[in-house]
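Each chain, written out:
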Amino acid sequence: IAHLMNRTPITLSGGEQQRVAIARALALEPEILLMDEPLSALDWQRKDEILPYLQDLQHHLAIPILYVTHSWQEMAQLADHVVVLDQGRQIANGSLNAILHHPQCHRTAHDIFSVWNVKVQAHDPIFALTQVQADGGELWLPQLDRPIGCELRLQLYARDISICLNQPATTSILNILPAQIEHIQDLNPGQCLIHLRLGSEPLWAQITRRSCHGLSLQPGQAVYVQIKSCSVLSAHAAMI
């Protein structure tokens, strides 16, 4: 915040005010940092401005950070361990992916998604793509301004995952990976959630009940998943 030191508080933007508030808290050398809805008053542009600073705090401070939020997207980018409260009652407590795949949490989430930790493998400047490596396989994403070897955390939304019984021979989808169905859950009268496993990586797919019935999907079945490259936006790829 060095470039803000000669500014008066009233001239600071919302994002700049949040940076100053964080710096003021850190100046006290706390043993634990409580951040209560720190981004709730900011629009998405300002949130994207602040999130990298919060990620840096998470990885460079030798103190625990307790982050309170209603945003599943903020939680997915920042949290390692999550406690979910509903009406003041704890309904889930565990690792990030355990919480994202907890059946009781789906009704509190606007969108259902999985989180993968990946490493940048290569860039293809001709087609403006970036290749990343996850335990579940390799993915092509829209080009990211990240160095080779950089570790990222991706959000993969269930609505963007499709399922095939056989590996497609001709398709526009770049990311086709083998997977195994772990269980199937009814989401509402017309939708199903398919819990898949790719290596050690969990993945949700949200499909219609008609598609589930038509494909005769069953737990334990080997299938292929398709993930559109353009569905994994750079906004959902944060450094870890």
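Described in the following lines is the structure provided in the data block. (Residues numbered from 1 in each chain as written. Predicted model: local features only at pLDDT ≥ 70, side-chain atom pairs only at ≥ 80, totals over all residues. Heavy atoms only, no water.)

**Considerations on the pattern of salt bridges**
Working step 1: Here the structure, examined in full by the defined rule, presents four salt bridges.
Working step 2: The salt bridge involving Asp80 is made with Arg153; its shortest N-O contact spans 3.2 Å. With a gap of 73 residues between them, Asp80 in the loop between helix 3 (72–78) and strand 3 (81–86) and Arg153 in strand 8 (residues 151–157) connect regions that are remote in the sequence.
Working step 3: Glu182 serves as the salt-bridge partner of Arg197, at 3.4 Å between the closest nitrogen and oxygen. Here Arg197, found in strand 11 (residues 191–198), pairs with Glu182, found in strand 10 (residues 175–188); they are 15 residues apart in sequence, far enough to count as distant. (Salt bridge = Lys/Arg side-chain N within 4 Å of Asp/Glu carboxyl O. Helix = DSSP H or I, 4+ residues; strand = E, 2+ residues; numbered from the N terminus.)

**Here we look at the pairing of strand 6 (residues 129–134)**
Working step 1: Within strand 6, five of the six residues are buried, which leaves it mostly tucked inside the rest of the structure.
Working step 2: Bridging between strand 5 (residues 113–124) and strand 6 involves five bridges; their strand directions are antiparallel. Each bridged residue has a counterpart across the sheet, and for Asp124 the counterpart in strand 6 is Leu129.
Working step 3: Sheet topology places strand 6 next to strand 7 (residues 137–142); six bridges connect them, and they run antiparallel. Of the residues in strand 7, the one forming a bridge with Gln131 is Trp140. (Buried < 20%, exposed > 50% of the residue type's maximum accessible area, 1.4 Å probe, protein only. Pairing = 2+ DSSP bridges.)

**Notes on the sheet that holds strand 12 (residues 201–208)**
Working step 1: Spatially, the five strands line up as an open sheet ordered 9-13-10-11-12, and their pairing is antiparallel. The sheet is open, and its two borders are formed by strand 9 (161–164) and strand 12, each paired with just one other strand. Adjacent strand axes in the sheet meet at a mean angle of 45° when their direction is disregarded.
Working step 2: In this structure, strand 10 lies alongside strand 13 (residues 222–227), joined through six bridges in antiparallel fashion. Paired with Ala179 across the bridge in strand 13 is Val223. (Axes fitted to C-alpha atoms, helices over the stretch in contact; angles between N-to-C directions.)

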